[in-house]
Amino acid sequence: MDITEFYDTFFEEAGELLAEMETHLLELDVNAPDPEQLNAIFRAAHSIKGGAGTFGFEALQRTTHLLENLLDYTRRGELALRRDIVDTFLEAKDMLNDQLEAYRSGSEPDPEALERICQTLQQLALEEIGEEADVGGSAPKPVPAQAAQPVPETTSGTSGRYRVAFLNVAEKDRQLLVEELGNLGDIEGQSGGAERYEVTLSTSLSADDIEAVMCFIAEPEQLEISPLAQAGAAADTGNAGQSTAGAAEEKSSEKVEEKKAAPPKAAKPGRSAAVKGAGGGESTSIRVPVTKVDQIINLVGELIITQSMLNQVASEAGDQVHGRLEHGLNLLARTSRDLQEAVMSVRMVPMDYVFSRFPRLVRDLAGKLDKEVELVTEGRSTELDKGLTERIIDPLTHLVRNSLDHGIESPERREAAGKPRCGRLTLSATHQGGNILIEVSDDGAGLNRDKILAKARSNGLPVTDNMPDDEVWQLIFAPGFSTAEEVSDVSGRGVGMDVVKRNIQSMGGHVDILSQPGLGTTIRIVLPLTLAILDGMLIRVGDETFILPISGVIESLQPQKEDLYPRTGGDLLLKVREDYLPVVAVHRVMDVRGAVEDPTAAIAVIVQGKGRRYALQVDELVGQQQVVVKNLETNYRRVPGVSAATILGDGSVALILDIADLHRLSQTTKENPIFGAHEAARSRQEAETV
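Source: prediction; values computed, not measured. (Residues numbered from 1 in each chain as written. Predicted model: local features only at pLDDT ≥ 70, side-chain atom pairs only at ≥ 80, totals over all residues. Heavy atoms only, no water.)

**With respect to the overall build of the protein**
For clarity, the cut-off: For the purposes of this entry, the term helix denotes a DSSP run of H or I that reaches at least four residues, the term strand denotes a run of E that reaches at least two, and both are numbered from the N terminus. In this analysis, two residues are considered to be in contact whenever any of their non-hydrogen atoms come within 4.5 Å of each other. Under the convention used here, a 1.4 Å probe and the Shrake-Rupley method define accessible areas, while residue burial counts only the protein chains that appear.
When helices and strands are counted, the protein shows 21 helices and 22 strands. If you take every contact in the protein between residues at least 6 apart in sequence, the share linking residues at least 24 apart comes to 69%. Split by element, the accessible area of the protein, about 34500 Å² in all, is 50% carbon and sulfur.

**Quick look at the pairing of strand β10 (residues 510-516)**
Quick note on the threshold: Burial here depends on accessible area, computed with a 1.4 Å probe over protein chains only, as a share of the maximum for the residue type. Under 20% is buried, over 50% is exposed, and the range in between is partly exposed. Strand pairing is defined by DSSP finding a minimum of two bridges between the two strands.
With five of its seven residues buried, β10 lies for the most part within the structure. Where β10 and strand β11 (residues 520-528) come together, seven bridges link them in antiparallel fashion. Bridge pairing in β11 links Asp 512 to Arg 524. A loop of three residues connects β10 with β11, the two strands running antiparallel in sequence, and Gly 518 in this loop sits at a positive phi of about 80°.

**So, helix α5 (residues 111-128)**
As a reminder of what qualifies: Expected helix span is taken as 1.5 Å per residue step, with the number of steps being one fewer than the number of residues. Here, the arc refers to the directions that run from the helix axis to the C-beta atoms.
For α5, spanning 18 residues, the distance from its first C-alpha to its last is 26 Å, which sits close to the expected 26 Å at 1.5 Å a residue. Three or more residues of α5 are buried, namely Ala 113, Leu 114, Ile 117, Cys 118, Leu 121, Leu 124 and Ala 125. The buried residues of α5 occupy an angular sector of 130° when projected down its axis, which confines them to one face. More than 90 degrees from the buried face of α5, the exposed residues found are Pro 111, Glu 112, Gln 119 and Glu 127. Buried residues along α5 sit against α3 (58-75) and α4 (83-104). The first or second residue beyond α5 is Gly 130, which carries a positive phi of 110°.

**Some points on the UniProt feature "modified residue: Phosphohistidine" (unreviewed entry) in the protein**
Defined as follows: UniProt positions are given in the numbering used here, feature names are shortened, and annotations may be inferred rather than shown by experiment.
Using the residue numbers shown here, the UniProt feature "modified residue: Phosphohistidine" (unreviewed entry) corresponds to His 46. Residue class for His 46 comes out buried when judged on its relative accessible area of 15%.

**So, the pattern of salt bridges**
Rule in force here: Salt bridges are defined as contacts in which a side-chain nitrogen from Lys or Arg sits within 4 Å of a carboxyl oxygen from Asp or Glu.
Per the counting criterion, the structure on display carries 37 salt bridges. Here Arg 502 and Asp 498 are joined by a salt bridge, their closest N and O atoms 3.3 Å apart. On the criterion of helical spacing, the pair formed by Arg 502 and Asp 498 is a turn pair, its members being four residues apart in helix α17 (residues 497-506). For Arg 502, a relative accessible area of 48% puts it in the partly exposed group. Taken together, the shared-partner salt bridges connect Glu 22, Asp 87, Lys 93, Asp 94, Arg 360, Arg 363 and Asp 364 into one network.

**Quick notes on unusual backbone geometry**
Phi angles above zero are rare outside glycine, and Arg 577 is one such case at about 55°. With respect to the helices and strands, Arg 577 occurs in the loop between β16 (572-576) and β17 (579-585). Accessibility expressed as a relative area gives 58% for Arg 577, which makes it exposed. A positive phi angle is found at Asp 591, which is not glycine, with a value near 55°. Of note, Asp 591 is situated in the loop between α18 (586-589) and β18 (603-609). With a relative accessible area of 19%, Asp 591 lands in the buried category.

**A word on the sheet that holds strand β20 (residues 620-628)**
Going by this rule: Angles shown run from 0 to 180 degrees and are taken between the N-to-C directions of axes, each axis being a line fitted to C-alpha atoms and, for helices, limited to the stretch in contact.
The sheet built from five strands is open, its strands ordered β20-β12-β13-β22-β21 with mixed pairing. If you trace the sheet from one side to the other, it starts and ends with β20 and β21 (642-647), each paired once. Direction aside, the axes of adjacent strands within the sheet are offset by 35° on average. Pairing geometry for strand β12 (residues 533-541) and β20, over eight bridges, is antiparallel. Of the residues in β20, the one forming a bridge with Arg 540 is Glu 620.

**Some remarks on the nonpolar core**
In summary, soluble globular proteins display a tendency toward joint burial of nonpolar side chains. Basically, it comes down to this: What is meant by a nonpolar core is a set of buried Ala, Val, Leu, Ile, Met, Phe, Trp, Tyr and Cys residues, joined one to another through side-chain atoms within 4.5 Å.
Among the nonpolar cores identified, the biggest contains 47 residues, and Ile 392, Leu 396, Val 400 and Ile 438 are the most heavily contacted of them. Looking at this core, the element that brings in the most residues is helix α13 (residues 386-407), giving seven residues. In contact with Leu 396, other than residues within four places in its own chain, are Val 354, Phe 355, Phe 358, Ile 438, Val 440 and Ile 525. Ile 41, Ala 52, Phe 55 and Phe 57 belong to the second-largest nonpolar core, a separate cluster that totals 44 residues.

**Let's talk about the packing of aromatic side chains**
Worth spelling out the cut-off: Any Phe, Tyr or Trp ring, taking Trp's six-membered ring, that has another such ring centre within 6.5 Å forms a pair; planes under 30 degrees apart are called stacked, those over 60 apart edge-to-face, and the others tilted. Should the NZ of a Lys or the CZ of an Arg lie within 6 Å of a ring centre and within 35 degrees of the ring normal, that charge is described as sitting over the ring.
Counting across every chain of the model gives ten aromatic pairs. Judged by centre distance (5.9 Å) and plane angle (55°), the ring pair of Phe 10 and Phe 11 falls under tilted. For the pair Phe 10 and Phe 11, one class covers both residues: buried. For the ring pair Tyr 565 and Tyr 580, a centre distance of 5.5 Å and an interplane angle of 70° mean the geometry is edge-to-face. A residue pair is termed long-range when its members are at least 10 positions apart, and Tyr 565 in strand β15 (residues 564-566) and Tyr 580 in strand β17 qualify at 15 residues. For Tyr 565, a relative accessible area of 33% gives the class partly exposed. Chaining the aromatic ring pairs together yields one cluster made of Tyr 7, Phe 10, Phe 11, Phe 55, Phe 57 and Tyr 103. The cationic tip of Arg 75 hangs over the ring face of Phe 42; the distance from NZ or CZ to the ring centre is 3.7 Å. Arg 357 extends its terminal NZ or CZ atom over the ring of Tyr 353, reaching a point 4.9 Å from the ring centre.

**Structural notes on the confidence of the model for the protein**
Rules: What pLDDT conveys is the predictor's confidence in a given residue, as a value from 0 to 100.
Confidence in the prediction of the protein, expressed as mean pLDDT, is 78, and 78% of residues score 70 or more. Of the regions scoring below 50 in pLDDT, residues 673-677 engages in three contacts with residues more than four places distant in sequence or in other chains.

**Some details on α13**
For clarity, the cut-off: Here the bend at a residue is taken as the angle between two axes, fitted respectively to the seven residues that end there and the seven that start there. Pairs of N or O atoms are called polar contacts if they sit within 3.5 Å, as long as, within protein, a hydrogen donor faces a hydrogen acceptor (for residues adjacent in sequence, only side-chain-to-side-chain pairs).
Here α13 spans 30 Å end to end across 22 residues, near enough to the 32 Å set by a 1.5 Å rise per residue. Ile 392 marks where α13 bends most, by close to 35°; the proline Pro 395 follows one to four residues later. Looking at α13, one finds that the buried residues are Leu 388, Thr 389, Ile 392, Ile 393, Pro 395, Leu 396, Leu 399, Val 400, Ser 403, Leu 404 and Gly 407. The distance from a side-chain oxygen at the start of α13 to the backbone nitrogen of Gly 387 is 2.7 Å, and the residue carrying that oxygen is Asp 385.

Here it is, written out as structure tokens:
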């Protein structure tokens, strides 16, 4: 068997173990460490070491061997934890991650970095434990990666015999485990059933090495490994031999009882082998490459387009459509929607995937800034499309760094202001209709309005003293804008916040800021749950069909003359109950000819974007349907007023409008009608061509 076929499984499992290790290290109370957390950290290092030895990853095995021994002293109470020791363990974890990535890419880890981290761990052991500590010794010799054949038979003097029991493992997975044991030594016998299957193994490896390899295929609670006496040893050695064997059996029994007493470890999603319940059964999860899921989503998108085309043909045929055909089309529509929702749910991952990256960042950065900060996360189970979670990490990182540097004050300043010395940074995520709301909040000093306005004037930005607060706060997203008094490696260069806004807008979202002096700042990000398929409202303007995201549509109505209020500068307001909303004529913004000019003869669609409401003037509401989003920015460029495009049932292209950007574009058109109309028309024509 080629052992390299298990590489991907090892890399995935080891990555999860390292993430788990970091989480526990960050949560440790150095004054009263939780024994369960210490054991979990030790087990993670131990499992990675065993796998690294099996696959011949020598640098990874050497580092984990040194770290594992230090962790063992820690959990036994012989090494007292301090913050700097935890920092060293975290540094070692980072190095293990780098080594893992190097092996994943087919290269060797940096030898200088390896020696540096090994010397750091050895020095820590000498200083804290003493020269007698068994940390600097050599690690067990790794099994070469080329060793694809079973381990050759060893002499009875060096081999060990073990009883390996598999608990509640299905037959097909049991066969895989037995094959893997055959690669570790000689199988002398096997027997049992579905609930318990035992294999007698003769091997030169230790029980820990066997367990480390098996744990990358099955869960630890599904294994029992106990040593057996050598064949004929008891007869040759008499009572002394029986005592030795009895002690070994007693030790094994204690180990098994300890394992049984421990709470069952939750099955990790995506294990390569099936994780079984008490009665056997099949796996409840599988690991699938994201590219395969993306391919399925693309096919579902094409199916939805085809279904729309069939509906278009049926609607044009009118009464000639047979009743059974119409029923079949309706059934196809329902099935397509259910299939789309099921497939999209596969891509949804909890926000914990994003939030789990920030405890380490906050800890390290707060230490660098000499600040005390408590990180609180809310809504970790809230789900978001995996493609968006990957892209939201960088903007959130900028916002967190900005809150720590500019928002939360030093402990001394907080004390002087009557606040707790420890600041509070909150990351939260909640669903809101078809969107997800992500907030980064701090209880710091809040934004300084006068300071921002002064900086904006010095940068040549058009500002006035009577600007609303929300517009003033948006100035911090201007390119090159920074209120930092001096440049550091954390902030002050004027880059970052403008990138945040651009990245979030490219995902179809927007950013709002709420701030109160002395109380703190909240930066709110609103994103669609997915960028692949959306529910859209089809509107007609002249001869053109556009699409509005349903998530942004509030209501529609026929404007009455007495509810329209003209303003100087060409603006028009529509009174809707007690609110006065700016009217945005879509035909003017997008330069569409032949549209209805009179607002009272048109339809007003009340929409919401960037926290504000507008009334879009359109000719007609065509209907509501699911549309497949085709990204324009990827294939062409950013188009003002347009977020994406789609293909309708008749094969024509319809543009998906950016509600928030339409209002901005309408202002540009009023300020420079010729340029604005020309730009809008050119952008629309080029987008349709693409």
